[in-house]
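Coordinates in review
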Amino acid sequence: MTGTAPGAGASARTGAAAGDETATRTETSARIVPTASVEDGPTASGPAEPAAPGRGGPTIPGPAAPAASGQGDSTPPGPAGSALFERIDRLNAQGLALADSGRPGLAVEPLTEALALGRAAAVGTGAAGAVPLARTPHHLAFVRARSGRRAEALEAVDEAVHLCRRHLVDAPETVRPLLADAADSLGSRLAVLGRHRDAVAPATESAALFRQLARADPAAYRGELARVLNNLSIRLCDADRHAEVLAATEESLEIHRSLHREDPAAHLPGLVHALADLALRLARLDRHDEVAAPTAEAVRHLRHLDRIHPNNDVAALAESLTWLGRHLRRHGHRDAARDTERAAGELRRRAPKPGR
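This structure is a prediction, so every number in the text was calculated from the model and none was measured.

Side note on the confidence of the model for the protein
Residues at a pLDDT of 70 or more form 73% of the protein, whose mean pLDDT is 78. Taken element by element, the predicted model of the protein shows its lowest mean pLDDT in strand E2 (residues 37–38) (28) and its highest in helix H6 (residues 196–216) (98). Segment residues 1–25: pLDDT under 50, and 93 contacts once partners within four positions in sequence are set aside and those in other chains are kept. Taken together, the stretch residues 30–80 has pLDDT below 50 and engages in 169 contacts with residues farther than four places along the chain or on a different chain.

Structure (structure tokens):
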């Protein structure tokens, strides 16, 4: 590991686990709807809560629930109606299930079919047809990114964002959460392609939308706001807008502290990740003497983490702590460095093993 602070350079999940970004950048993935799926990227700073990898926000409603059976899969495209919407939902669910099972390449076909059907359903139906149409390219961007098709992933999520913006006024309660997620994903997709300055605007838009949602429904959306604020701090850092980085990081941390006070067991992982993120940002800004305090707090909290949920991005967090340990050692904090490196090793040993 070199002395370069995390977040530097043009490497870019979106997923530490997927390898699109440096693990120490600790980006948090967006929620995917209608099923709760982890997006392909850095998840270290907003680990999935035990409830779902979707970071705790509610599922965005679609036009119709999927049918209980496989009936309707062979229904030919026709006028937009419940049967067509159900088929679109089933194809979305099928694609996401394939991606979640480690077969993102196979997921492209059902999602591409769903997108074609969604475009047909959207004709003459206004916001009612636009919602499934916007949801599908968001999912398609997810699986294309997981398949390494980064430029195509950007094209798909850009379509989702534009569709949501077009219909936000028509159906704000339904479209705003979807737009907030899609804008966050658009920022990530742009960053993956090295377009860091372009990525700031959608990331900022996502944070603004989630602030609105969190004011209206704090229980559902505060965790989502913390997640996208962390991602915004990465976008700002990569765009060399360092004066703005800490404000987003500290706001995200404060939300995690609030959530942890309300439910310590559920939100301890998120707090640990947020503290590590703050330490990484301080290091990136060359505020070396301030790195030790949040790192030490993260290490202390890790001692109280009885169980590591499989959805938590343990590898990215361990990598972050390893980097921070080396950073602290280089800057004369030997005791803190030893404790941090030891915590990173213990975290790796305790990490859930694949398939268990």
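Points about the packing of helix H5 (residues 172–192) against helix H7 (residues 218–238)
For any two helices packed against each other, the geometry comes down to the angle between their axes and how far apart the axes lie. Where H5 meets H7, the closest approach of the two axes is 11 Å, and the angle between their N-to-C directions is 25°. As the angle between them shows, H5 and H7 are arranged roughly parallel. For H5 against H7, the interelement crossing comes out left-handed. Facing Pro-177, Asp-181, Asp-184, Gly-187, Ser-188 and Ala-191 of H5, the residues of H7 in contact are Tyr-221, Glu-224, Arg-227, Val-228, Asn-231 and Arg-235. A breakdown of the residues in the contact of H5 with H7 according to their chemical character gives four nonpolar, three polar and five charged.

Description of the packing of helix H8 (residues 242–262) against helix H9 (residues 264–284)
It is at 8 Å that the axes of H8 and H9 come closest, and there the two elements cross at 160°. One element, H8, and the other, H9, form an angle in the roughly antiparallel class. As H8 packs across H9, the resulting crossing turns out to be left-handed. Here His-242, Val-245, Leu-246, Thr-249, Glu-250, Leu-253, His-256, Arg-257, Leu-259, His-260, Arg-261 and Glu-262 of H8 come into contact with H9, specifically with Pro-264, His-267, Leu-268, Gly-270, Leu-271, Ala-274, Leu-275, Asp-277, Leu-278, Arg-281, Leu-282 and Arg-284. Split by residue class, the contact of H8 with H9 holds eleven nonpolar, six polar and seven charged.

Description of H6
Each turn of an α-helix holds 3.6 residues, which means side chains three or four residues apart point in the same direction. Across its 21 residues, H6 extends 31 Å between first and last C-alpha, which sits within 8% of the 30 Å expected from 1.5 Å per residue. Of the residues making up H6, those classed as buried are His-196, Ala-199, Val-200, Pro-202, Ala-203, Ser-206, Ala-207, Leu-209, Phe-210, Leu-213 and Ala-214.

Observations concerning the side chain of Ser-185
With respect to the helices and strands, Ser-185 occurs in helix H5. Within the structure, the side chain of Ser-185 is placed 3.0 Å from the side chain of His-138, a separation counted as a polar contact.

Some details on unusual backbone geometry
Unlike most non-glycine residues, Asp-240 shows phi in positive territory, near 65°. Tracing the chain through its elements places Asp-240 in the loop between H7 and H8. Here Asp-240 falls in the partly exposed class, since its relative accessible area comes to 44%.

Examining the nonpolar core
Nonpolar side chains in soluble globular proteins tend to end up buried together. One finds Leu-140, Val-143, Phe-210 and Leu-225 to be the most contacted residues of the largest nonpolar core, which totals 54 residues. Among the secondary structure elements, those contributing two or more residues to this core are helix H1 (82–100), helix H2 (104–122), helix H3 (127–146), helix H4 (150–167), H5, H6, H7 and H8. In terms of residue count, H7 provides more of this core than any other element does, nine residues in total. Discounting residues that sit within four places of it in the chain, Val-143 has contacts with Gly-95, Ala-99, Pro-104, Ala-107, Val-108 and Leu-111. Among the nonpolar cores identified, the runner-up in size contains 32 residues, and Ala-292, Val-314, Leu-317 and Ala-343 belong to it.

Observations regarding the packing of aromatic side chains
Tallied over the entire structure, the rule returns one aromatic pair. Relative to Tyr-221, the ring of Phe-210 lies with its centre 6.2 Å away and its plane at 45°, an arrangement referred to as tilted. Here Phe-210, found in helix H6, pairs with Tyr-221, found in helix H7; they are eleven residues apart in sequence, far enough to count as distant. With respect to burial, Phe-210 and Tyr-221 carry one shared label: buried. Sitting over the ring of Trp-323, Arg-330 keeps its end group 5.9 Å from the ring centre.

Re the environment of Ala-171
Its location among the elements puts Ala-171 in the loop between H4 and H5. Remark: the alpha-carbon pair of Ala-171 and Ala-130, spanning 41 residues in sequence, is separated by 9.9 Å.

Topic: the side chain of Thr-249
For Thr-249, the position within the fold is in helix H8. A distance of 3.0 Å separates a polar side-chain atom of Thr-249 from the backbone oxygen of Val-245. Contact partners of Thr-249, with chain neighbours within four places excluded, come to Ser-233, Asp-277, Leu-278 and Arg-281.

Basis of the calculations
Residues numbered from 1 in each chain as written. Predicted model: local features only at pLDDT ≥ 70, side-chain atom pairs only at ≥ 80, totals over all residues. Heavy atoms only, no water. pLDDT = per-residue confidence, 0-100. Helix = DSSP H or I, 4+ residues; strand = E, 2+ residues; numbered from the N terminus. Contact = heavy atoms within 4.5 Å. Axes fitted to C-alpha atoms, helices over the stretch in contact; angles between N-to-C directions. Parallel < 35°, antiparallel > 145°, perpendicular 65-115°, else oblique. Left-handed = near helix turned anticlockwise from the far one by under 90°. Nonpolar A, V, L, I, M, F, W, Y, C, P; charged D, E, K, R; others polar. Expected span 1.5 Å × (residues − 1). Buried < 20%, exposed > 50% of the residue type's maximum accessible area, 1.4 Å probe, protein only. Polar contact = N/O pair within 3.5 Å; in protein donor to acceptor, adjacent residues only side chain to side chain. Core = buried A, V, L, I, M, F, W, Y, C linked by side-chain atoms within 4.5 Å. Phe/Tyr/Trp six-rings, centres within 6.5 Å; stacked < 30°, edge-to-face > 60°. Lys NZ or Arg CZ within 6 Å of the ring centre and 35° of its normal.

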